[in-house]
Every structure is written in structure tokens, then in C-alpha cells.
Amino acid sequence: MLKLRVDYIKPGMKLARNVYDAEGQILLSAGLPFKKNYAQKLKNSGIQEIYVIAEDGICCDNAQHTINEISRVEAKKLVASTMGKVVLEKDIEIQRVFAMVENLLDELLSQKDILLNLTEIRTVDEYTFAHSVNVCILSLITGIAMGYSRDQLKTLGSGALLHDIGKILVPLEILNKPAPLTDEEYVIMKKHTQLGYEVLKKYPQIDEDIAIIALTHHERYDGKGYPIGLKAEKLHQYAKIVAISDVYDAMTSDRVYKEKLKPHQAIEYLIAMGNHQFDYEIVKVFTQHVASYPIGTIVLLSNGYRGAVLRIDKNFPHRPTVGYLYNTKGEKVASDQEVSLADYPTLTIVDVLENIE
């Protein structure tokens, strides 16, 4: 399985996964041979990359979704519905939110070793809802790795799923602006944290910690965040986790005005910002459970060979096993040739490629 940009997929290549639209409907089914006209159809939906079945017998691990697609779609619909009720000033269904977090948590806890090793393929226009779900999943993975109790994880996950609820009260022309915000617009956008806090505080069944996550997920370890300017030890632990998850998902998501970063670039940023913007101890836990190079990623190695990430060792998530595709002369390599970067410290990934050739 290889992840390629739509522009570089050849007719006849078979899809490795279903491709969904923003409503959770299947656009293209797994196993379907790719046709030239599919490229524009996908790009019109804001989808720039998809997974295809590798040629020449190269075999990646069978990397399942961390959360199954049905659960992910239902979670996105619930976030959309919840935000819609806020706009209409109707009561939000808190128990449905709690139940959804329980479901996501059960799926994660059922896995022996949780490693987020696949980036989600999603459309640009569903960003707000998909982002909330992804931040919830990332935060739960981190909380599980930190040894949180089930009750703590439920609170953390609920706060993460609702962390951006205040954004629905930001004017749409600012929220959906297809360009960077002006200083004046940014001031208005920043109010979503306080607005979200005020919405959640209306419900006695919502724990204070959940509302605090909505209020303070843009606070920073060095005190340069908003809306209060809290620093280091004064930051709530849950909010520090959600802040890291929020930034990672935002950086690795395509926006109308900004191309996404590769996972390894976002991870490098988080590490560089440890104990500046983020709590470094939490960053270390987070980056141990999010793969820098997801399975199927095409990479260029320091020895000049190109290959695909086949497997990820949970003990060395940033040093995957790579199956060779082409040698330094651009010649195809036998499909059984592979190298574990964990065994060769001097061999490194120097670039992530969008095309197999």
C-alpha cells in the first residue's frame, strides 16, 4: 500500500482503501482500478492524496485505521450536530458526546500497541469537524500512554472532542476565510476559547475540566498563549495534551490557503517547541505514539535508494523498515529487498516523496 498524490497515480492502479467524502459517503471503493477522470473528481472534493495497492509485490504491514471508519464518520456527524445546536441555541446532547468518547476509547484500548501510523485522507471542507475528532483520538492515545484512568480519559476525550465548540459562534466569513486572517479578524477568532467555555459552563453535567480545555487549549508553556496567558505549572494537564494534539492535526491538514506539513515535519516542530510552547514531557509521549513516516509513505534514503515504509517498530517509531523500490540509478529493485533503519543508525530518510517514480 502506497500513499500517492492524485496527480501521480497511473490509470489501472487499484485503490487500497475506500475514499470518503465529507458526509461519510464512499466516493471510490477499495480495489477499484484508478481511471484518469477520477483525479479531477477527487481534487474537486479537496482530496489530494489516496492509498493505492503497491506494484511489484512490495508488501506493507496491514495497517488498520486506529479508529474504524464508521466510528470516525459518526463522531464527525455528532460534532457537526452539536455545533449546529449551539448556533440554534438548542440544548446539546451531552450524553451522546460522552457515549461517543466511550466508544472511541474502547476501540483504542482494544489495541495491544497503539501507534498512529496512518494519516487520514479527508476533504478540505470538513476540516472543523474532522479536526475535533482527530484531536480527541490523539489526546486519548496520549492519555492512555501516560497511564490515565478510564474516568480521566473520558474527561480528557470529551474536552478534546468539544475543544473548538466556540468556533461555531465566530462569524462564518472569518471561520471559513480562504486566506490568512488579518490582525483584527484574528482577535475575533481568538474569542472562540472564551465562547466555548461559556457554552459548556451552561451544562451542570459537564465537568469543569472539560470547559477548561475549551478555554485554555491555546495557552502555551511559555505564557505567550491566549486568552489568559497562563504559564507552565499553571496550565491544566489535559489542556496541555489537547494543545499538542490540536497543533499537530492542524499542521498536518490541508487548508484552503495552506498546504499541510508532512507528519515528520510536524513532529520536528513539536520537539523543537518543547518547553517553549509545549510541555516537553508530554511532547515526548505524544511523539512516541505518532509515526513520523506512516506506512505506505514513499521516501528517499541517504544512500540514494527510494522506497516505501513497510513496517513501524513501536520501540523505534521514527526509524521504520523501508522496502526498496529504486536504486541510485533509478532501476527497479527486487521486491524482497528491505532495510530496517533501526539497525542502521547512519542510514536516514532525507526526503518524503509524492510520486513512486
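Here the structure is shown first, and the text comes after it.
These numbers come from a predicted model, not from an experiment.

Colleague: Quick rundown of the overall build of the protein? Include the residues and the values.
Modeller: Along the backbone of the protein there are 12 helices and nine strands. By the compact-globule yardstick of 21 Å for 357 residues, the protein fits well, its C-alpha radius of gyration being 21 Å. By its C-alpha atoms, the protein is 65 × 45 × 40 Å across when sized along the principal axes. Residues classed as buried in the protein amount to 51% of the 357 residues present. Side-chain charges of the protein comprise 41 positive and 47 negative groups, with the mean position of each set lying 2 Å from the other.

Colleague: Lay out the environment of P180 in plain terms, naming residues and giving numbers.
Modeller: Summarising the element assignment, P180 is placed in the loop between α6 (172–175) and α7 (183–189). For P180 and Q152, which are 28 residues apart along the polypeptide, the C-alpha to C-alpha distance reads 36 Å.

Colleague: Give me the lowdown on the sheet that holds strand β6 (residues 306–313), citing residues and values where you can.
Modeller: As summarised here, the arrangement of the five strands in space is β8-β7-β6-β5-β9, forming an open sheet in which the pairing is antiparallel. Edge strands, defined here as strands with exactly one partner in the open sheet, are β8 (338–340) and β9 (349–353). The average angle at which neighbouring strand axes cross in this sheet is 40°, direction not considered.

Colleague: For a nonpolar patch on the surface, give the residues involved together with the corresponding values.
Modeller: Side chains of V87, L88 and L169 sit close together on the surface and give an oily, nonpolar patch of about 270 Å² of accessible area. Its location among the elements puts L169 in the loop between α5 (150–161) and α6.

Colleague: Help me get a handle on the pattern of salt bridges, residues and values and all.
Modeller: Evaluated as defined, the whole model comprises 16 salt bridges. Taking the shortest distance from any N to any O, the salt bridge between D106 and R150 comes out at 2.6 Å. Of this pair, D106 sits in helix α3 (residues 94–109) while R150 sits in helix α5; the two residues are 44 residues apart in sequence, bridging distant segments of the chain. Residue classification places R150 among the partly exposed residues on the basis of a relative accessible area of 34%. For the salt bridge of E338 with R311, the shortest nitrogen-to-oxygen distance reads 2.3 Å. Of the two residues, E338 sits in strand β8 while R311 sits in strand β6, which places them 27 residues apart along the sequence. A relative accessible area of 39% places E338 in the partly exposed class. A cluster of three or more residues bridged by salt bridges with shared partners is formed by E102, D106, R150, D151 and K154.

Colleague: Requested: an account of the nonpolar core, with residues and values cited.
Modeller: Counting 55 residues, the largest nonpolar core has L161, I165, L200, Y248 and L270 as its most contacted members. Within the second largest apolar cluster, 22 residues are counted, among which are M13, V19, Y38 and I47.

Colleague: A description of the packing of helix α10 (residues 237–251) against helix α12 (residues 280–288) should follow, citing residues and the corresponding values.
Modeller: Two numbers describe a pair of packed helices, the interaxial angle and the distance between the axes. In the contact formed by α10 and α12, the axes pass within 10 Å of each other and the chain directions differ by 50°. Taken together, the axis directions place α10 and α12 in an arrangement best described as oblique. Once α10 is placed against α12, the crossing between them reads as right-handed. On α12, the residues touching Q237, K240, I241, I244, S245 and Y248 of α10 are I282, V283 and F286. Along the lines of polarity and charge, the residues of the contact of α10 with α12 split into six nonpolar, two polar and one charged.

Colleague: Can you break down α3 residue by residue, with the values?
Modeller: Helix length check: α3, at 16 residues, gives a terminal C-alpha distance of 22 Å against a target of 22 Å (1.5 Å per residue), a fit within 8%. Of the residues making up α3, those classed as buried are I94, V97, M100, V101, L104, L105, E107 and L108. Buried positions in α3, seen along its axis, are confined to an arc of 160° and lie on one side of it. Buried positions along α3 lie against α2 (69–87), α4 (127–145) and α5.

Colleague: How would you explain the pairing of strand β1 (residues 2–5) if you had to name every residue and give the values?
Modeller: Because side chains alternate across β1, one face comprises the buried residues L2 and L4, and the other comprises K3 and R5, equally buried. Alignment of β1 against strand β4 (residues 49–52), held across four bridges, turns out to be antiparallel. Across the sheet, residue L4 finds its bridge partner in β4, namely I50.

Colleague: Please provide a residue-by-residue account of the environment of L300, values included.
Modeller: For L300, the location among the structural elements is in strand β5 (residues 298–301). The class of L300 is partly exposed, set by a relative accessible area of 26%. C-alpha separation for the pair L300 and L88, spaced 212 residues apart in sequence, amounts to 51 Å. Aside from chain neighbours lying at most four places away, what touches L300 is Y305, R306, T348, I349, V350, D351 and L353.

Rules used in this analysis
- Residues numbered from 1 in each chain as written.
- Predicted model: local features only at pLDDT ≥ 70, side-chain atom pairs only at ≥ 80, totals over all residues.
- Heavy atoms only, no water.
- Helix = DSSP H or I, 4+ residues; strand = E, 2+ residues; numbered from the N terminus.
- Rg over C-alpha atoms; globule rule 2.2 N^0.38 Å.
- Buried < 20%, exposed > 50% of the residue type's maximum accessible area, 1.4 Å probe, protein only.
- Lys, Arg positive; Asp, Glu negative; His and termini not counted.
- Charge placed at Lys NZ, Arg CZ, Asp CG, Glu CD.
- Pairing = 2+ DSSP bridges.
- Axes fitted to C-alpha atoms, helices over the stretch in contact; angles between N-to-C directions.
- Patch = residues over 30% accessible without salt bridge, like charges linked within 9 Å, V, L, I, M, F, W, Y side chains within 5 Å.
- Areas by Shrake-Rupley, 256 points an atom, 1.4 Å probe, with all protein chains shown as cover.
- Salt bridge = Lys/Arg side-chain N within 4 Å of Asp/Glu carboxyl O.
- Core = buried A, V, L, I, M, F, W, Y, C linked by side-chain atoms within 4.5 Å.
- Parallel < 35°, antiparallel > 145°, perpendicular 65-115°, else oblique.
- Left-handed = near helix turned anticlockwise from the far one by under 90°.
- Contact = heavy atoms within 4.5 Å.
- Nonpolar A, V, L, I, M, F, W, Y, C, P; charged D, E, K, R; others polar.
- Expected span 1.5 Å × (residues − 1).
- Arc of directions from axis to C-beta.

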